[in-house]
Each structure stands twice: as C-alpha cells, then as structure tokens.
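# Understanding the architecture of this molecule
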Amino acid sequence: MGQVEQRLAELGLTLPEVAAPVAAYVPAVRDGVHVLTSGQLPFVGGKLPLSGKVGAEVTAEDAKELAQVCALNALAAVKSVVGDLDRVEQVVKVVGFVASAPDFTGQPGVVNGTSELLGKVFGERGVHARSAVGVAVLPLDAPVEVELMVRVRD
C-alpha cells in the first residue's frame, strides 16, 4: 500500500473497485503525463445510494458526501491506469456536475466534497483548477458526477 492509500486509510476510507461503465467508454485514459477520468457517479457497491435533484430530493450536505464518493471512484479509475496513486504529481482539474433543482445555486459547496478530499489526501499536490456546473439531470438520476485530470510521473 502506497502513501496515498495509507492516507485514505487514516481518513477511514478505502478505494473501491473501479466502477463499471454504464455506456460505451472506459473509466480512465492516459495521454502522456495526464490521466483523464470519465465522469464518475457516486456508486457504492455498484448502486447509487441516493438519486434525484440537489435542493429537492437530495440535500446539499448529502450531495457533498456523494461528491467525495465520486472522488474515490475517480481515484480508483486513475489507479487502474497507472497502478499506484503515489505516481500522481498533481491534481490538475476537477469538473463537477450537480443535478440541481431550478432554484439551487450551491453547486460549488457540493463539489467541495471532491476538492476537500483531494486536499486531505494529496496536500499541495491536490490543489487544482475546478468547475462546478449545475445541470438538469445526470445519468441514472445521479445527484452528482465528477471527473478528474491528474498529472503523473513515470
């Protein structure tokens, strides 16, 4: 177990198995020094723990926790490509999508679930650029979806 996974364990977290794609794509692709993940839903044991719109059926607090689950799924996808998360030199970009009720404007707070976890796990290497986007609906009626771009060393 590498340092990143040890840090996850200290936080009481473990990497899940890579989430199976729900359509025609792969979980992550390496392009030179970068690994880009596909959008990761908050699957736990192959199921969505909650569904619906944030600000309606799902609270912002629950959605923030789901964004952390998305981050764990994205890290599992990165590991599936590079073999060891200790090879991550920098989290470059996070894109978070939040299925939002029409009057919900707290998307940045929801996506903080991802950003804060990456900061705790990677420290300075986890500081990243980010977008937090409100959308009408996500696949399978998921409340949150997150994708990552990381820079890795050989």
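Residues numbered from 1 in each chain as written. Predicted model: local features only at pLDDT ≥ 70, side-chain atom pairs only at ≥ 80, totals over all residues. Heavy atoms only, no water.

## What about the pairing of strand 1 (residues 28–31)?
We apply this condition: Pairing between strands is defined by DSSP: at least two bridges between them are needed. In this text, helices come from DSSP runs of H or I with a minimum length of four residues, and strands from runs of E with a minimum of two, each type numbered from the N-terminal end.
With 4 bridges connecting them, strand 1 and strand 2 (residues 34–37) associate as antiparallel partners. Across the sheet, Asp31 pairs through a bridge with His34, a residue of strand 2. Between strand 1 and strand 2, which pair antiparallel one after the other, the connecting turn spans 2 residues, and Gly32 there sits at a positive phi close to 65°.

## Quick look at a nonpolar patch on the surface
We apply this condition: Here a patch means residues that are over 30% exposed by relative accessible area and free of salt bridges, tied together within 9 Å if like-charged and within 5 Å if nonpolar (Val, Leu, Ile, Met, Phe, Trp, Tyr). Shrake-Rupley sampling with a 1.4 Å probe provides the accessible areas, and residues are treated as covered by the protein chains on show and by no other component. We count a salt bridge whenever a side-chain nitrogen from Lys or Arg sits within 4 Å of a carboxyl oxygen from Asp or Glu.
Together, Val22, Tyr25 and Leu140 line one region of the surface with nonpolar side chains, adding up to about 260 Å² of accessible area. Along the polypeptide, Leu140 turns up in the loop between strand 4 (129–135) and strand 5 (144–152).

## Remarks on the nonpolar core
Our working rule: We define a nonpolar core as any set of buried Ala, Val, Leu, Ile, Met, Phe, Trp, Tyr and Cys residues linked to one another through side-chain atoms lying within 4.5 Å. A simple rule labels every residue: compare its accessible area, found with a 1.4 Å probe on the protein chains alone, to the largest value its type can have, and call it buried under 20%, exposed over 50%, or partly exposed in between. The contact criterion used throughout is that any non-hydrogen atoms of two residues lie within 4.5 Å.
Of all hydrophobic cores here, the largest spans 37 residues; its most connected members are Phe122 and Val144. Contributing elements (two or more residues each) for this core: helix 1 (3–10), helix 2 (60–82), strand 3 (88–99), helix 3 (107–122) and strand 5. At 11 residues, the largest contribution of residues to this core is made by helix 2. What Val144 contacts, discounting residues up to four positions off in sequence, is Gln40, Leu41, Pro42, Ala63, Leu66, Ala67, Cys70, Phe97, Val110 and Leu138. Among the nonpolar cores identified, the runner-up in size contains 6 residues, and Leu41, Phe43, Leu138 and Ala142 belong to it.

## Observations concerning the sheet that holds strand 5
Rules: As a rule, the C-alpha atoms of each element are fitted with a line to give its axis, helices using only the stretch in contact, and angles between N-to-C directions run from 0 to 180 degrees.
Read across the sheet, 5 strands follow the order 1-2-5-3-4 without closing on themselves; strand pairing throughout is mixed. Edge positions in the sheet fall to strand 1 and strand 4, since each has one partner strand and no second. When strand polarity is set aside, the average angle formed by the axes of neighbouring strands in this sheet is 15°.

## Concerning helix 1
Rule in force here: The arc under discussion is defined with respect to the helix axis, by the directions toward the C-beta atoms.
If you check which residues of helix 1 are buried, you get Val4, Glu5 and Leu8. Burial along helix 1 is one-sided: seen end-on, the buried residues are contained in an arc of 95°. Among the exposed residues of helix 1, those oriented more than 90 degrees off its buried face are Gln3 and Glu10. Directly beyond the C-terminal end of helix 1, a positive phi value near 80° is found at Gly12.

## Side note on the side chain of Arg87
Here is the rule: As used in this structure description, the phrase polar contact means that two N or O atoms lie within 3.5 Å; if the pair is within protein, one of them must be able to donate a hydrogen and the other to accept it, and residues adjacent in sequence are counted only when both atoms belong to side chains.
Looking at the secondary structure, you find Arg87 in the loop between helix 2 and strand 3. Reaching out from Arg87, the side chain makes a polar contact with the backbone oxygen of Val82 at a distance of 2.6 Å. Leaving out residues up to four positions away in the same chain, Arg87 has contacts with Arg30, Val82, Arg151, Val152, Arg153 and Asp154.

None of this, on its own, says anything about what the molecule does.
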